Amino acid sequence: MSVGLVLEGGAMRGLYTAGVLDIFMDNGIKADTIIGTSAGVLFGVNYPSGQRGRALRYNLKYAPKGCYMGIRSLLTTGNIINRQFAYYDLPSKLDVFDEAAYEASGMDFYATVTNVETGEAEYIKITDCFGQMEAMRATSAMPFVSRIVAYEGKKYLDGGVADSIPVDKCREMGCDKIIVVLTRPLDYRKSPSDPRLAQRFYGKKYPKLTERINNRYAEYNACVEKIIGMEQRGEIFVIRPSRTVKVKHIERDTRKLQAIYDLGAEDCAARMDELKEYLQ
């Protein structure tokens, strides 16, 4: 039996996922294939590396500081998440990522990215996190507040633009059992954004990306409805927030970060017996 794990993004709401995955580690829950988007990738890599608590630890320590993320980084570098600090200094020096454990895990890990020229989702297998850090950065490069990321001759932005919840891709890969971790509660649906914004930023050079950004709300909402149906039919197992915790994309309040992480851990622990039964 092959177990797939799908991790939605959501910027700092991704700490909900970190809480879920830490409970997975406590209970010996293993996945064969993991497909993440944006923060689902950045926080999710700590699951195959077995680094319980790491995502929460470094975010509580550095989120309040301007060197990590915020307007200062956006104005000085063009990226609201500071490239050098967040993707290079932090995992290699300040809170070291265990690359050896990640590689030894035997889990196949994929980062979803959006090709800005085609507007389509692509799925990059991450076999060397440090060597593929630009792919990791691409999956979480939020439109409008991030520079386009070049990787292996292509140009990318946040994978959530083209495939926020890559459950179809996970099924396509042949997983028999699929666990989906969402970062929004059951009743959440996206609203349309002002189409002029995407047109102003990307319309002339990247019309397909512009179209995808403007249609994202409808695609996301349709995917959520599809997931609900699959869940009701017992085809997948979904863990989602049981209540709303208001967390900004760029959240500095450590109390809120702790709260969304705690909710993930609580929700997962409460359903652990159900999950184990589903996986049998």
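Thresholds, definitions, all that
Residues numbered from 1 in each chain as written. Predicted model: local features only at pLDDT ≥ 70, side-chain atom pairs only at ≥ 80, totals over all residues. Heavy atoms only, no water. Helix = DSSP H or I, 4+ residues; strand = E, 2+ residues; numbered from the N terminus. Buried < 20%, exposed > 50% of the residue type's maximum accessible area, 1.4 Å probe, protein only. Contact = heavy atoms within 4.5 Å. Areas by Shrake-Rupley, 256 points an atom, 1.4 Å probe, with all protein chains shown as cover. Phe/Tyr/Trp six-rings, centres within 6.5 Å; stacked < 30°, edge-to-face > 60°. Lys NZ or Arg CZ within 6 Å of the ring centre and 35° of its normal. Pairing = 2+ DSSP bridges. Right-handed = clockwise from strand over helix to strand, strands pointing away. Core = buried A, V, L, I, M, F, W, Y, C linked by side-chain atoms within 4.5 Å. Expected span 1.5 Å × (residues − 1). Axes fitted to C-alpha atoms, helices over the stretch in contact; angles between N-to-C directions. Parallel < 35°, antiparallel > 145°, perpendicular 65-115°, else oblique. Left-handed = near helix turned anticlockwise from the far one by under 90°. Nonpolar A, V, L, I, M, F, W, Y, C, P; charged D, E, K, R; others polar. Polar contact = N/O pair within 3.5 Å; in protein donor to acceptor, adjacent residues only side chain to side chain.

Asks: Before we go on, may I ask you to explain the overall build of the protein in this structure?
Replies: Helix and strand counts for the protein stand at 12 helices and eight strands. Seen through its principal axes, the protein has C-alpha atoms that stretch 50 × 40 × 35 Å. Burial statistics for the protein: of 280 residues in total, 57% are counted as buried. Within the protein, counting contacts between residues at least 6 apart in sequence, those at least 24 apart form 74% of the total. If you sum the accessible surface of the protein, you get close to 12300 Å²; carbon and sulfur atoms cover 49% of it.

Asks: I keep staring at the packing of aromatic side chains and nothing clicks. Help me out?
Replies: Aromatic ring pairs are reported here in terms of the distance separating the ring centres and the angle at which the planes meet. Inspection of the entire model under this criterion finds 12 aromatic pairs. Summarising the aromatic geometry, the rings of Tyr188 and Tyr220 are spaced 6.1 Å apart at their centres and angled 75 degrees between planes, so their arrangement reads as edge-to-face. Taken together, the positions of Tyr188 in the loop between β7 (177-181) and α9 (195-203) and Tyr220 in helix α10 (residues 207-232) put the pair 32 residues apart, joining distant regions of the chain. Residue class for Tyr188 comes out partly exposed when judged on its relative accessible area of 23%. What links up through ring pairs into an aromatic cluster is the set Phe97, Tyr102, Phe109 and Phe130. Directly above the aromatic system of Tyr278 lies the positively charged group of Lys177, at a separation of 4.5 Å from the ring centroid. Directly above the aromatic system of Tyr188 lies the positively charged group of Arg184, at a separation of 3.9 Å from the ring centroid.

Asks: Help me out: how do you make sense of the pairing of strand β1 (residues 3-7) in this one?
Replies: Both faces of the sheet carry side chains from a regular strand, because those side chains alternate between them. Of all five residues in β1, five are buried, a share of seventy percent or more. In terms of strand pairing, β1 meets strand β2 (residues 33-37) through four bridges, oriented parallel. Of the residues in β2, the one forming a bridge with Leu7 is Gly36. Chirality of the crossover, the property in question, places the unit of β1, helix α1 (residues 14-26) and β2 among those that are right-handed.

Asks: Sorry if this is basic, but what is going on with the nonpolar core here?
Replies: Grouped burial of nonpolar side chains is what soluble globular proteins tend to show. Counting residues in hydrophobic clusters, the biggest one holds 76 residues, and the most contacted among them are Leu5, Leu15, Phe24, Tyr47, Ile126 and Leu275. Examining the composition of this core, we find that seven residues originate from one element, α1, more than from any other. If sequence neighbours within four positions are ignored, Tyr47 has contacts with Leu5, Leu21, Phe24, Met25, Ile29, Lys30, Ala31, Ile34 and Met107. Counting 18 residues, the second-largest nonpolar core is a separate cluster that includes Ile35, Ile227, Met230 and Val238.

Asks: Would you take a moment to explain α1 for this structure?
Replies: Residues three or four positions apart in an α-helix share a direction because the helix packs 3.6 residues into each turn. Between the first and last C-alpha of α1 there are 19 Å, a value that for 13 residues agrees with the 18 Å anticipated at 1.5 Å per step. Within α1, 11 of the 13 residues are buried, which leaves it mostly tucked inside the rest of the structure. If you check which residues of α1 are buried, you get Gly14, Leu15, Tyr16, Thr17, Ala18, Gly19, Val20, Leu21, Asp22, Ile23 and Phe24. Residue Gly28 follows α1 closely and has a positive phi angle near 70 degrees.

Asks: What should I look at first to understand the packing of α9 against α10 in this one?
Replies: Packing of α9 against α10 brings their axes to within 9 Å, and their N-to-C directions diverge by 160 degrees. Classed by the angle they form, the pair α9 and α10 counts as roughly antiparallel. For α9 against α10, the interelement crossing comes out right-handed. Along its contact with α9, which presents Pro195, Ala198, Gln199, Tyr202 and Gly203, the element α10 presents Pro207, Leu209, Thr210, Ile213 and Asn214. By residue class, the composition of the contact of α9 with α10 is six nonpolar, four polar and no charged.

Asks: Explain the side chain of Glu99 to me, please; I cannot follow it from the model alone.
Replies: Examined against the element boundaries, Glu99 turns out to sit in helix α6 (residues 99-104). A polar side-chain atom of Glu99 sits 3.3 Å from the main-chain amide nitrogen of Phe130. The residues touching Glu99, leaving out its near neighbours within four places in the chain, are Thr127, Asp128, Cys129 and Phe130.

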